[in-house]
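Topology and contacts: notes
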Amino acid sequence: EGDEGALYGEGGRLLGAGRRRLRECARGVAEALRGGEGVYLGRAVGIACSGDELEEEGLVLALVDGSFFAALRAFTRATRTALPDVAAAPLVPRLCEALERGPLATLRLRMRNAGAAAADNDSFLAVANSLSCAGSYARRLRDVVTNGLGDGHAAPRARWSVGRLDALASRFDEAAADAMRSLGGSLLPAAWLLLEFDPADYRLLRAGEAAEATARAVFERGVLQPLAVSFAALRSSLRPEALELLVHAVGAALGARLEAGAFAKRFDELGAMLFSEQVRRVSDALSAVSSAPVRNDFGRVTQLAFLLNASSVQEAAGLLLSQMALDGEGGGGGEGSSRLSTREAGRALALRVEFDRNEVSELLGVVVEDEELAEQAAAAAAAAAAAESS
């Protein structure tokens, strides 16, 4: 224990003076190696990040591969010493710092200077691909560090290092996701949403079959075809991981937009069927682009369409309660969740012109107010509060 531990070797055997001096020399060499690897790592990553070349496939900047290759080589050499807890474990913080100051900072800067998030902006796509690739490389490096340090004296440092490398991978992933959200915003069918969906009336029984057929044709032409063309062009320009992030970004934004618009409308039976069909078709179209499941992205609006298509309030209440029991939510959900809350479900059912609000409130145990009256009451309360404060 303590300083006396330097006097003993394996099995508690007392070490001679020569053996102790040899071990101290080995530790000094390991520490020198660690310092040299740190210097090499910083300079190698700096050189890699100074280039603008793309890899052979033309999707990812070469600085990503160069930086992580330098980090991997430095750590691998350190683990091959007889004292990896001295040479390798303390090297990991230097490794993380080099990758944070090198590829992470460089890619963030290049993203700011890449221009608009557009499908035809090659500079933007290259940086987005590089961020996604760097996140994958950081997780692979984490696995190498975990296996290299093993279960010996360096195990506590290994656990700490794994956490730091996980955080580094998450920062790359978050930056890539931000880029794909920006790109996804440019792919949304803005014209259809503003000119067709927002003013659309989903009370179709009185409008006739011609209105329903027109709505289907406009949806095909304004939503499904543009999305298919855009993703077909991007499939060869994005890595599979980046394409998956883009699908989620478009799905989440479009699902939220459809949900917000639906809560501002009224539906009859035929209109509810049309809305459900539109939600299903756009969800299927995005699922066909990549293997990424979009169920959670469309979870709330899918449930909304499902409730709107119930034949009665009693049927809808039963379906809602059974869903909550299966999900173990117990009436949870709400904003930020992939499920509607009980109150939101009540609002959804009140959108059907055939359903009685009082019956909805009674069966679900929530108060479903008329939206127009609620807005008037809120405005009156705000005006009263302003008058009182003045």
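Structure: above.
Quick look at the structure, then. For clarity, every value in this text was computed on a predicted model and none was experimentally measured.

**Overview of the overall build of the chain**
- A count of helical and extended segments in the chain gives 15 helices and zero strands.
- Residue burial in the chain is summarised as follows: out of 390 residues, 42% are buried.
- Counting every atom, the chain has about 20,200 Å² of accessible surface; 53% of that belongs to carbon and sulfur.

**Observations concerning the packing of helix 2 (residues 62-79) against helix 5 (residues 122-149)**
- Viewed as axis vectors pointing N to C, helix 2 and helix 5 meet at an angle of 5°, and their least axial separation amounts to 10 Å. Here helix 2 is positioned roughly parallel relative to helix 5, judged by the angle of their axes. Here V64, D65, F68, A71, L72, F75 and T79 of helix 2 come into contact with helix 5, specifically with S130, C133, A134, Y137, A138, L141, V144, V145, G148 and L149.
- For the contact of helix 2 with helix 5, a count of residues per class yields 13 nonpolar, three polar and one charged.

**Digging into helix 10 (residues 269-287)**
- Taking 1.5 Å of rise per residue, the 19 residues of helix 10 would be expected to cover 27 Å, and the 27 Å separating its terminal C-alpha atoms lies within 8% of that figure.
- Within helix 10, the full set of buried residues consists of L270, G271, A272, L274, F275, E277, Q278, V279, V282, S283 and L286.
- In this structure, the buried residues of helix 10 make contact with helix 7 (190-197), helix 8 (209-234), helix 9 (240-262) and helix 11 (299-308).
- Its side-chain oxygen 3.3 Å from the backbone nitrogen of L270, D268 forms the N-cap of helix 10.

**So, the packing of aromatic side chains**
- Taken as a whole and assessed by the stated rule, the structure comprises nine aromatic pairs.
- Plain terms: the ring middles of W192 and F197 are 5.3 Å apart, the flat faces sit at 20° to each other, and that makes the pair stacked. Of the two residues, W192 and F197, both sit in the buried class.
- Judged by centre distance (5.5 Å) and plane angle (55°), the ring pair of F267 and F275 falls under tilted. Like F267, the residue F275 is buried in the burial classification.
- Ring pairs connect the aromatic residues W192, F197, Y202, F219, F267 and F275, which therefore count as one cluster.
- A cation over an aromatic ring shows up here: K265 above the ring of F197, its NZ or CZ 4.8 Å from the ring centre.
- Over the ring of F355 we find R352; its NZ or CZ atom is 4.5 Å from the centre of that ring.

**What to know about the environment of R357**
- If you trace the backbone, R357 turns up in helix 14 (residues 357-364).
- For R357, a relative accessible area of 22% corresponds to the partly exposed category.
- Placed 11 residues apart in sequence, R357 and G346 show a C-alpha to C-alpha distance of 8.4 Å.

**Quick look at the side chain of S290**
- Assignment of secondary structure puts S290 in the loop between helix 10 and helix 11.
- S290 sits in the buried class, given a relative accessible area of 16%.
- Look past the residues within four positions of S290 in its chain and what remains in contact with it is L243, E244 and V247.

Cut-off values and rules
Residues numbered from 1 in each chain as written. Predicted model: local features only at pLDDT ≥ 70, side-chain atom pairs only at ≥ 80, totals over all residues. Heavy atoms only, no water. Helix = DSSP H or I, 4+ residues; strand = E, 2+ residues; numbered from the N terminus. Buried < 20%, exposed > 50% of the residue type's maximum accessible area, 1.4 Å probe, protein only. Areas by Shrake-Rupley, 256 points an atom, 1.4 Å probe, with all protein chains shown as cover. Axes fitted to C-alpha atoms, helices over the stretch in contact; angles between N-to-C directions. Parallel < 35°, antiparallel > 145°, perpendicular 65-115°, else oblique. Contact = heavy atoms within 4.5 Å. Nonpolar A, V, L, I, M, F, W, Y, C, P; charged D, E, K, R; others polar. Expected span 1.5 Å × (residues − 1). Polar contact = N/O pair within 3.5 Å; in protein donor to acceptor, adjacent residues only side chain to side chain. Phe/Tyr/Trp six-rings, centres within 6.5 Å; stacked < 30°, edge-to-face > 60°. Lys NZ or Arg CZ within 6 Å of the ring centre and 35° of its normal.

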